[in-house]
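Observations on chain architecture
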Amino acid sequence: MAAVTGTGTGGGTIDVNTIVSQLMTIEQRPLTLLDNKEAGFQGQLSAYGTLRGALSTFQSSASALGTLAKFQAFSASSSDSTILSGTASKTASAGSYNIDVSVLAQAQSIVSAGQSSATAAIGTGLQTTLTIQFGAITGGSLTNGAYTGATFTQDGTAASGTVTIDSSNNSLQGVRDAINKANLGVTASIVKDGSASPYRLVLTSQSSGASHAIRIGVSGDSTLQSLLGYDAGGTQNLTQTGTAKDAQLTVNGVSVTSATNSFSDTIEGVSLTAIKVGAATLSVGRDTAGATSAVASFVKSYNDLNATLANLTKFDATTKTGGVLIGEATVRTVQSQVRSVLTASLSGLSAGGYQTLSQIGLSFQRDGSLSIDSTKLTAALTTNGDDVAALFSAVGGPTDSLVHFSSSTAATKAGAYAVNITQLATQGKLAGFAPAGLTITAGVNDQLSVSVDGISSTVQLSAGTYTAATLAAHLQAAINGTSAFSAAGTSVSVAQSLGTLTVTSKTYGAASLVSVAGNGADNLFGTTPTLSNGLDVAGTINGSVATGAGQTLTGQKGSAIEGLSLDITGGIVGDRGTVNFSRGYADQVNTLITGLLGTTGALQGRTDGLNRSIGDIGKQRTAVSTRLDAIEKRYRAQFTALDQLVSSMQSTSSFLTQQLAALPGSG
């Protein structure tokens, strides 16, 4: 017996360490089983992490595809990009437009008489005020840069301002710098023409267009007045070198003008930019590239998910091994729910629309993957882009042209819902009591304290004499140009009727209101103007009272129409048709995966269960380890005692052998 040839801990001949080690190897088999079981659970956790990643990628592509803008894009292309260019928005319509650019927009430039020095003082240094205004020059004739018989009409929408010249800046350079520093919409520069009096002041309007010609009034030093005073309808001490012009073009024979070379509302949904005089054709059509790419990404990410599911649940008949998640009920649930969404026909769509993926060229293969018929998809996007959008996105299709689908939530259910309006939204306004005074005098009636939609600010009017129309335009520009309102996105429109002004907020609803005070209020609106606060839209959707906010009507919580928001932009009170609301495939996938990946979803529940099992194994391992420590201690004590017994017996045997050897031999 080889095990008893060594030296035991008891001093005998038994190898206790080796024997105990071998016995404990057998006793530790439960730990090995627990380790293997834990490794299996860890492998499943990792596999569920892989599945989560594939689901998350698929959800991202579904979210991108569920955006209506992907399907509403239009593009515009010019037959000659050196003549004009164009861009199209989602409100554009496909078509071809023959465009002939005849005049490009131009800003007015005027130049002063030459001076012998750019730095020498001009005049006496008496404080002088330059008043710069903008307007249109009409009638008369233009010869050698000077008008005869023309009329200047001030543009009330363009702000005017003043520049002060005194002994500190009454040189040509000083005047230039003062005008530029005032930032009144005019750029001043000095050119040197090489003559005996070479220095000339050039003033150029910073805005192009016929209504942005310059008028300069001078009050103070007579020398500065004779140098800088300019009125195309009167005294012209400067010479025009560039005429204020509107851009002019025709669209399919219809004449159109613009103060700039950009035309933003000539063709609905299309912005044009004239580059040079000439003719070109602008073609507008659906831009399918973005939608095609989004659909391709959706299909790829689904196929990646399908491959991930197949790999995790496969069985290899050759090796007789299965995937990490083979037989997992949670995986089967995920696979079943995703495929169920993509193979079902949609409900809630308007008549004649697409209802299945196969109708636009997406079909399932035998292995569960999706394939794309690019020709069929492109044709569907080109001819029926809105219907393709409805196939993927959450959309509502109202039958009334003045009812617009705005948004929905995950709680909104598909269906056809009747809309009834009991009150249309209105805007807050202030209507004058009497015709406005047309003369604004500095320090007398040129300041207003204006409040619009809860935002208040002081508004400064420019002194001058106006017509009712130009005064309305100037008041509108002054209010909307005030930083407090523009920063808040608040604006108004100002109209006049028989000289009486009305200021109307651009917003709708109960928060829409306008009030005016200040030294100029009575002059503009009379002593008792009429204030009318806005009203929110009111009505029902599907027979349930909806919540109105401005022009938006939203279905209340707990109903089938919860979260369905409609914009009512006009029309009449009463029945307003129906809204066909549907949840497209991409929207449903997004909602489904959000639930699956959520804290209460199936995947989280399964991974929580695996983590609990791993925790239980840890507890079992601790208990087994404690028991094994006791067993090893017992084994070691037993074999140590045996070793000591053997050692004692061996000592006794040696003693007896020695004693026997010492006995006298027998005769």
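Residues numbered from 1 in each chain as written. Predicted model: local features only at pLDDT ≥ 70, side-chain atom pairs only at ≥ 80, totals over all residues. Heavy atoms only, no water.

Attention shifts here to the overall build of the chain. A tally of helices and strands in the chain yields 14 helices and 40 strands. A compact globule built from 667 residues would reach a C-alpha radius of gyration of about 26 Å, whereas the chain, at 44 Å, exceeds it by more than 25%. Counting only C-alpha atoms and orienting by the principal axes, one finds that the chain spans roughly 170 × 70 × 55 Å. Across the 667 residues of the chain, 39% fall into the buried class. Seen as two clouds, the 34 positive and the 37 negative side-chain charges of the chain have centres 10 Å apart. (Helix = DSSP H or I, 4+ residues; strand = E, 2+ residues; numbered from the N terminus. Rg over C-alpha atoms; globule rule 2.2 N^0.38 Å. Buried < 20%, exposed > 50% of the residue type's maximum accessible area, 1.4 Å probe, protein only. Lys, Arg positive; Asp, Glu negative; His and termini not counted. Charge placed at Lys NZ, Arg CZ, Asp CG, Glu CD.)

Another aspect to go through is the packing of aromatic side chains. In this structure the tally under the stated criterion is six aromatic pairs. Ring centres of Phe58 and Tyr302 lie 5.6 Å apart, and the angle between their planes is 55°; this geometry places the pair in the tilted category. With a gap of 244 residues between them, Phe58 in helix 2 (residues 29-65) and Tyr302 in helix 6 (residues 289-313) connect regions that are remote in the sequence. The burial state of Phe58 is the same as that of Tyr302; both residues are buried. Ring pairing ties together the aromatic residues Phe58, Phe71, Phe298, Tyr302, Phe364 and Phe392, which thus form one cluster. Lying over the aromatic face of Tyr635, Arg634 brings its terminal NZ or CZ to 5.3 Å of the ring centre. (Phe/Tyr/Trp six-rings, centres within 6.5 Å; stacked < 30°, edge-to-face > 60°. Lys NZ or Arg CZ within 6 Å of the ring centre and 35° of its normal.)

What follows covers helix 8 (residues 374-383). Listing the buried residues of helix 8 in full gives Leu377, Ala380 and Leu381. Summarising the axial view, the buried residues of helix 8 lie within an arc of 95°, below the 170-degree limit, and thus occupy one face. In helix 8, the exposed positions angled more than 90 degrees off the buried face are occupied by Thr375 and Thr383. Buried residues along helix 8 sit in contact with helix 3 (69-72), strand 18 (278-286), helix 6, strand 22 (370-372) and helix 9 (385-392). (Arc of directions from axis to C-beta. Contact = heavy atoms within 4.5 Å.)

Pairing is antiparallel across the open sheet formed by three strands, whose spatial order is 29-28-33. Each having just a single partner strand, strand 29 (455-460) and strand 33 (514-517) make up the two edges of the open sheet. Going across the sheet, the axis of each strand differs from the next one's by a mean of 20°, ignoring polarity. Pairing analysis gives four bridges linking strand 28 (residues 447-452) to strand 33, with the strands arranged antiparallel. Each residue of the ladder has a partner; that of Val452, found in strand 33, is Val514. (Pairing = 2+ DSSP bridges. Axes fitted to C-alpha atoms, helices over the stretch in contact; angles between N-to-C directions.)

With that settled, consider the sheet that holds strand 4 (residues 109-111). Two orientations exist for strands paired in a sheet by backbone hydrogen bonds: parallel and antiparallel. Ordered in space as 10-11-4-13, the four strands form an open sheet in which the pairing is antiparallel. If you trace the sheet from one side to the other, it starts and ends with strand 10 (186-192) and strand 13 (239-242), each paired once. Across this sheet, the average inter-strand angle for adjacent strands is 30°, counted without regard to direction. Where strand 10 lies against strand 11 (residues 199-205), seven bridges are found, and the strand directions are antiparallel. When the sheet's bridge partners are listed, Ser189 is paired in strand 11 with Val202. Sheet contacts for helix 4 (residues 172-182): strand 10 and strand 11; angle to strand 10, the most-contacted strand, approximately 155°.

Looking now at the pattern of salt bridges. All told, the structure shown has ten salt bridges when counted by the stated rule. Arg215 serves as the salt-bridge partner of Asp231, at 3.8 Å between the closest nitrogen and oxygen. Here Arg215 lies in strand 12 (residues 213-219) and Asp231 lies in the loop between helix 5 (222-228) and strand 13, a separation of 16 residues in the sequence. Between Glu632 and Arg636 there is a salt bridge, with the nearest N and O atoms lying 3.4 Å from each other. Of the two residues, Glu632 and Arg636 both sit in helix 14 (residues 602-662), four residues apart, roughly one turn of that helix. The partly exposed category is assigned to Glu632, whose relative accessible area is 30%. (Salt bridge = Lys/Arg side-chain N within 4 Å of Asp/Glu carboxyl O.)

Together, Leu642, Leu645 and Met649 line one region of the surface with nonpolar side chains, adding up to about 290 Å² of accessible area. Mapping Leu645 onto the fold places it in helix 14. (Patch = residues over 30% accessible without salt bridge, like charges linked within 9 Å, V, L, I, M, F, W, Y side chains within 5 Å. Areas by Shrake-Rupley, 256 points an atom, 1.4 Å probe, with all protein chains shown as cover.)

Attention now goes to the side chain of Ser565. By secondary structure assignment, the location of Ser565 is in strand 39 (residues 565-568). Among the polar contacts made by the side chain of Ser565, one reaches the side chain of Thr554 at a distance of 2.9 Å. Leave out the neighbours within four places in its chain, and Ser565 touches His404, Phe405, Ser406, Ser407, Thr552, Leu553 and Thr554. (Polar contact = N/O pair within 3.5 Å; in protein donor to acceptor, adjacent residues only side chain to side chain.)

With that settled, consider the packing of helix 2 against helix 14. A pair of packed helices is characterised by two quantities: the angle between their axes and the separation of those axes. Helix 14 packs onto helix 2 with a crossing angle of 160° between their chain directions and a minimal axis gap of 10 Å. By the angle class used here, helix 2 and helix 14 are roughly antiparallel. Seen from above, helix 2 lies across helix 14 with left-handed handedness. Its residues assigned to classes, the contact of helix 2 with helix 14 comprises 14 nonpolar, eight polar and seven charged. (Parallel < 35°, antiparallel > 145°, perpendicular 65-115°, else oblique. Left-handed = near helix turned anticlockwise from the far one by under 90°. Nonpolar A, V, L, I, M, F, W, Y, C, P; charged D, E, K, R; others polar.)

One finds Leu51, Phe58, Leu342, Ile360 and Phe392 to be the most contacted residues of the largest nonpolar core, which totals 60 residues. In terms of residue count, helix 2 provides more of this core than any other element does, twelve residues in total. Leave out the neighbours within four places in its chain, and Phe392 touches Leu65, Gly66, Phe71, Val295, Phe298, Leu357, Ile360, Leu362, Gly584, Tyr585, Ala586 and Asp587. Core analysis: the next-biggest nonpolar cluster, separate from the first, contains 28 residues, Phe134, Val163, Ala178 and Leu224 among them. (Core = buried A, V, L, I, M, F, W, Y, C linked by side-chain atoms within 4.5 Å.)

Nothing here speaks to function; it is all geometry.
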